[in-house]
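The lines below spell out each chain.
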Amino acid sequence: MSVDSSAAGSPRRSAAGKAGTTGSKTGTKRTTSRTTSRTTTKKSTDPELVQLLTPEGKRVKNAEYDAYVAGITPDDLRGLYRDMVLTRRFDAEATALQRQGELGLWASLLGQEAAQIGSGRATREDDYVFPTYREHGVAWCRGVDPTNLLGMFRGVNHGGWDPNSNNFHLYTIVIGSQTLHATGYAMGIAKDGADSAVIAYFGDGASSQGDVAESFTFSAVYNAPVVFFCQNNQWAISEPTEKQTRVPLYQRAQGYGFPGVRVDGNDVLACLAVTKWALERARSGEGPTLVEAYTYRMGAHTTSDDPSRYRGDEERLAWEAKDPILRLRRYLEASNHADEGFFAELEAESEALGRRVREVVRAMPDPDNFAVFENVYADGHALVDEERAQFAAYQASFADVEGA
């Protein structure tokens, strides 16, 4: 298995530096047919986006954002590449496990590795992250063991990690609600006088939710130190972005009184640079920022989805040519920052991660049937005690049948 097409190993905190440049966005022009693929010709009305690496792996300059990656080293670049490769391998393994019946569901990040790794590596340890249910790459950057992400999808827990250990909140299934959680948390740390920041992840579909609009209002009015990071993968399940907005998503920030920026979501350096800028702005008391990472969901929305019913292969193939991992590999090779030994070693690490993920998932113990009654109330509750007793009697009835 090539590390370019599948990826994931043990988390590492790398201090990848700063970057930026504005390149022209390759726009997407959609047809009226839901099942007809969209073309990739640029329209004159398409907004430009921050880009530091072209799809061909060429470095481009940007006067505004270059300072945020000025100190990045070849080791940092290899670290970013490793992060993306191993995250993709983990994701591919989880998808395979769901197909084998080991997981009930899985939400793939395929194609969104640069947006997640770039933004995730821009955070400081004291920043707090509020994810959706697809931020596997960000979890990796925050030091969460990837196997801990799988318990919820296997149905054995509600999240396998302590959020306060990594400042990485549990996955949020309710669409858009985490933006309000992030805003409230950011308002709280601002009142505490902390100089840390908060980042909230959501998708283009969630941008249509009222919770997101409310979080924009509160964060702007109270000048909350929060970055709203929207991964616009262009498909909210089966609905394309133009069915949700008449303007580019990042421009919505203007109506709330804070800045928005669109970044090439398949360019890990640009995502790193723009997120560093936005987080530093939040920490310095300048309030919220909306970052729209313009990327593409190369897989299905979840493993229960069939994207062939609403989009064509031509669109996916066009975006595969902009693959974030291949883009950085081309740059590493052209710059002589990585040799075949590095890629071979990473391939072996990727395979080892895949084996570990399979072994850990299949060894996960079943949850305690009575755990659902714990921690409902801090001091207990008579109704919960009654329900626990009823459930115990129900469970015991099966034992009686088996013994008969």
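For clarity, every value in this text was computed on a predicted model and none was experimentally measured.

S.K.: Just give me the short version of the overall build of the protein, but keep the residues and values in it.
M.R.: If you tally the helices and strands in the protein, you get twelve helices and nine strands. Buried positions account for 52% of the 404 residues belonging to the protein. Working note: accessible area of the protein is about 17,300 Å², and carbon and sulfur atoms make up 50% of it.

S.K.: Explain the confidence of the model for the protein to me, and be specific about the residues and the numbers.
M.R.: In the predicted model, the protein carries a mean pLDDT of 89, and the fraction of residues at 70 or more is 87%. Here residues 1-44 is a poorly scored stretch, pLDDT under 50, and it has 182 contacts once near neighbours within four places are set aside; other chains count.

S.K.: Can you lay out the side chain of Thr 54 for me, pointing to particular residues and giving the numbers?
M.R.: Summarising the element assignment, Thr 54 is placed in the loop between β2 (49-50) and α1 (74-99). In contact with Thr 54, not counting residues within four places along its chain, are Val 60 and Arg 327.

S.K.: I'd like to hear about the side chain of Thr 275, residue by residue, with values.
M.R.: Following the sequence through the fold, Thr 275 ends up in helix α8 (residues 268-283). In contact with Thr 275, not counting residues within four places along its chain, are Ser 119, Ala 122, Ile 199 and Phe 229.

S.K.: Give a description of unusual backbone geometry that names residues and reports values.
M.R.: One non-glycine residue, Gln 234, lies in positive phi territory at about 75°. Within the secondary structure, Gln 234 sits in the loop between β5 (226-232) and β6 (235-236).

S.K.: Quick one: what's the story with the nonpolar core, residue by residue and with numbers?
M.R.: Ranked by size, the top nonpolar core spans 69 residues in total, and within it Tyr 81, Leu 150 and Leu 328 carry the most contacts. Among the elements that line this core, the one with the most residues is α8, at eleven residues. Beyond its immediate sequence surroundings of up to four residues, Leu 150 is in contact with Phe 90, Ala 94, Leu 103, Trp 106, Val 357, Val 361 and Met 364. Grouped together as the second largest cluster of nonpolar side chains are 20 residues, Phe 202, Ala 206, Ala 224 and Val 226 included.

The rules behind the values
Residues numbered from 1 in each chain as written. Predicted model: local features only at pLDDT ≥ 70, side-chain atom pairs only at ≥ 80, totals over all residues. Heavy atoms only, no water. Helix = DSSP H or I, 4+ residues; strand = E, 2+ residues; numbered from the N terminus. Buried < 20%, exposed > 50% of the residue type's maximum accessible area, 1.4 Å probe, protein only. Areas by Shrake-Rupley, 256 points an atom, 1.4 Å probe, with all protein chains shown as cover. pLDDT = per-residue confidence, 0-100. Contact = heavy atoms within 4.5 Å. Core = buried A, V, L, I, M, F, W, Y, C linked by side-chain atoms within 4.5 Å.

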